[in-house]
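# Coordinates in review
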Amino acid sequence: MATAMSVSAVSPAAAAVARARTLVCVPATARAPREMAAELAAAAALGADVAELRLDRLAGFAPRRDLPIILAEPRPLPALVTYRPKWEGGEYEGDDEPRLEALMLAMELGAEYVDIELKAADKFMRLLSGKKPENCKLIVSSHNYENTPSAEELADLVAQIQATGADIVKIATTATEIVDVARMFQILAHCQEKQVPIIGLVMNERGFISRVLCPKYGAYLTFGSLKKGRESAPAQPTAADLINLFNIRQIGPDTKVFGIIGKPVGHSKSPILHNEAFRSVGFNAVYVPFLVDDLAKFLNTYSSPDFAGFSCTIPHKEAAVRCCDEVDPIARDIGAVNTMVRRPDGKLVGYNTDYVGAISAIEDGIRASQQTDPTTSPLAGRLFVVIGAGGAGKALAYGAKEKGARVVIANRTFARAQELGILIGGSALTLADLENYHPEEGMILANTTAIGMHPNVNETPLSKQALKSYAVVFDAVYTPKETRLLREAAECGATVVSGLEMFIRQAMGQFEHFTGMPAPDRLMRDIVLTKT
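Residues numbered from 1 in each chain as written. Predicted model: local features only at pLDDT ≥ 70, side-chain atom pairs only at ≥ 80, totals over all residues. Heavy atoms only, no water.

### Section: the domain arrangement of the protein
Just so we agree on the cut-off: Throughout, the edges of the domains are those of an automatic or database domain assignment. The term buried area means the drop in 1.4 Å probe accessible area that two parts suffer when joined, counted for both and summed. The rule for a salt bridge is simple: a side-chain nitrogen of Lys or Arg has to be within 4 Å of a carboxyl oxygen of Asp or Glu. Polar contact is defined as a pair of N or O atoms within 3.5 Å, subject to the rule that within protein one atom must be able to donate a hydrogen and the other to accept it, and that residues adjacent in sequence are counted only when both atoms are side-chain atoms. Numbering goes from the N terminus for both helices and strands, where a helix is a DSSP run of H or I of at least four residues and a strand is a run of E of at least two. Residue polarity is assigned by list, with Asp, Glu, Lys and Arg as charged and Ala, Val, Leu, Ile, Met, Phe, Trp, Tyr, Cys and Pro as nonpolar; anything else, Gly included, falls into the polar class.
Domain annotation for the protein reports domain 1 (23-251), domain 2 (270-351) and domain 3 (355-497). Inter-centroid distance (C-alpha atoms) of domain 1 to domain 2 is 33 Å. Counting the surface lost from both domain 1 and domain 2, the interface buries some 1,600 Å², and carbon and sulfur atoms represent 65% of this. Run the count over domain 1 and domain 2 and you get three salt bridges. Lys-297 serves as the salt-bridge partner of Glu-177, at 2.8 Å between the closest nitrogen and oxygen. Our count for the contact surface shared by domain 1 and domain 2 stands at seven residue pairs in polar contact (both at pLDDT 80 or more). Elements with a contribution of two residues or more to the side of domain 1 that touches domain 2: helix H6 (180-193), helix H7 (208-213) and helix H8 (239-245). For the side of domain 1 that touches domain 2, the element with the most residues is H7, which contributes four residues. Of the residues contributing to the side of domain 1 that touches domain 2, the split by class is 13 nonpolar, four polar and four charged.

Here it is, written out as structure tokens:
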């Protein structure tokens with residue numbers, strides 16, 4: 001059994017002994033039996049393979065009355081019956097005997113799977129006394145809502161579950177940090193090698209990748225909710241996202257993994273964009289959100305060449321410079337990396353596609369609204385105010401300076417603004433000072449902070465009164481598409497440039513670094529404008 005923390009120790013090639021593809025299971029959580037039966041049909045319509053019937057969610061459940069309704073033949077999908085007690089994270093609060101009898105009745109009525117908790121498995125097996133129907137698989141499950149144990153403890157847990165006579169092992173743990181998921185991947189790969197059917201998932205947002213990437217390591221199934229708001233566990237994706245966004249049916253041992261590293265990261269539209277772009281060119285890869293607290297620890301843990309590249313967003317762009325083995329000279333000058341590519345030898349190379357994406361978007365926005373000299377940049381000689389001194393701020397400041405602009409950095413912390421100002425040969429202000437800063441007309445403003453980003457859509461880094469001094473306003477925030485800053489700048493008569501345009505352009509640069517292919521320009525633009 002591999003015990004190293006790093007996913008480089010995991011060999012998805014164990015899937016040479018691959019069984020059928022990982023199934024997508026949709027939990028049915030309705031409160032009434034006929035509604036739960038209808039949820040089976042809805043799950044089938046989504047393209048799911050199995051439906052989990054959560055009997056503990058039913059109000060006033062009477063097994064002999066209600067199970068024949070829920071399990072009526074013909075069923076649109078195979079049924080996985082779960083009757084989860086409160087002590088294992090479910091809603092059932094009664095004695096064990098009626099609960100176990102209900103599960104036995106579900107078997108008799110033709111349920112294809114029944115899930116019983118490890119703590120109750122011996123009692124259930126005694127009740128069954130060897131009479132389990134041949135067409136029913138028994139899942140024995142263990143849920144840990146506190147943490148994810150060590151690889152050795154997880155391996156011991158697999159052995160304990162197997163010893164009960166389980167057909168399928170199920171282990172669900174909780175991530176305190178994203179590196180915890182690596183241990184679950186190790187267990188999945190180990191079980192795949194030993195041909196032990198296993199469901200292995202890590203709950204909450206830091207564990208999200210376990211739900212999408214488990215087919216790479218041979219998991220028996222993964223869960224996806226019927227729709228948002230109907231999850232049966234923390235951070236469970238929808239079945240539609242698993243199937244259509246992450247293309248889970250195509251994920252296998254050879255699939256390369258890319259993703260966006262950030263904190264927060266759930267709002268990012270990058271998975272929508274990159275997954276569809278990968279699919280359009282036939283590139284065998286998946287792109288996922290990585291909620292990362294400690295960048296160096298994350299990169300050391302997911303060090304396999306299979307984890308082939310990363311986009312990097314707030315707050316990790318500057319730390320990424322230190323974590324790369326090599327850094328492109330421009331990214332080094334900027335002091336921020338937003339793109340990391342892992343070469344086949346395992347070395348990480350850092351790039352910055354933000355500055356080209358943002359600066360070209362601002363230049364084109366100005367050219368579209370004003371007459372400019374085609375031989376020089378429309379930024380040359382202009383006063384260019386950058387709000388924020390983080391990774392994106394550095395990229396914008398560097399890019400504007402390169403184009404001949406006079407750059408001013410405004411930041412809440414003056415010391416950081418001053419540091420960046422010195423670095424690029426510009427001046428510095430506090431954000432408070434910026435309110436009354438208008439040395440000339442026709443200035444350009446670029447917000448690179450998260451102020452105004454969803455859900456804080458009513459926030460803005462600068463008052464409407466102060467915006468009257470600016471001829472051009474750019475906002476790197478793109479959720480929502482029109483921020484309060486851009487709306488108020490437009491009302492003041494400024495040319496506005498959306499962060500979506502920067503997002504599209506920097507993503508095209510990332511795609512080319514990730515794949516070595518030209519970016520599908522029109523497709524990526526259409527995706528961003530219609531699906532985000």
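### Some thoughts on helix H19 (residues 499-515)
Heads up, the condition is: A helix is expected to span 1.5 Å multiplied by its residue count minus one. Each residue is assigned to one of three classes by its accessible area relative to the maximum for its type, calculated with a 1.4 Å probe on protein chains only: buried under 20%, partly exposed between the two thresholds, exposed over 50%.
Look at H19: 24 Å from first C-alpha to last across 17 residues, which is about the 24 Å you get at 1.5 Å a residue. Across the 17 residues that make up H19, a large majority, 12, are buried. Listed as buried for H19 are Gly-499, Leu-500, Met-502, Phe-503, Ile-504, Gln-506, Ala-507, Met-508, Gln-510, Phe-511, Phe-514 and Thr-515. For H19, the side-chain oxygen to backbone nitrogen distance between the N-cap and Leu-500 is 2.9 Å, and the N-cap itself is Ser-498.

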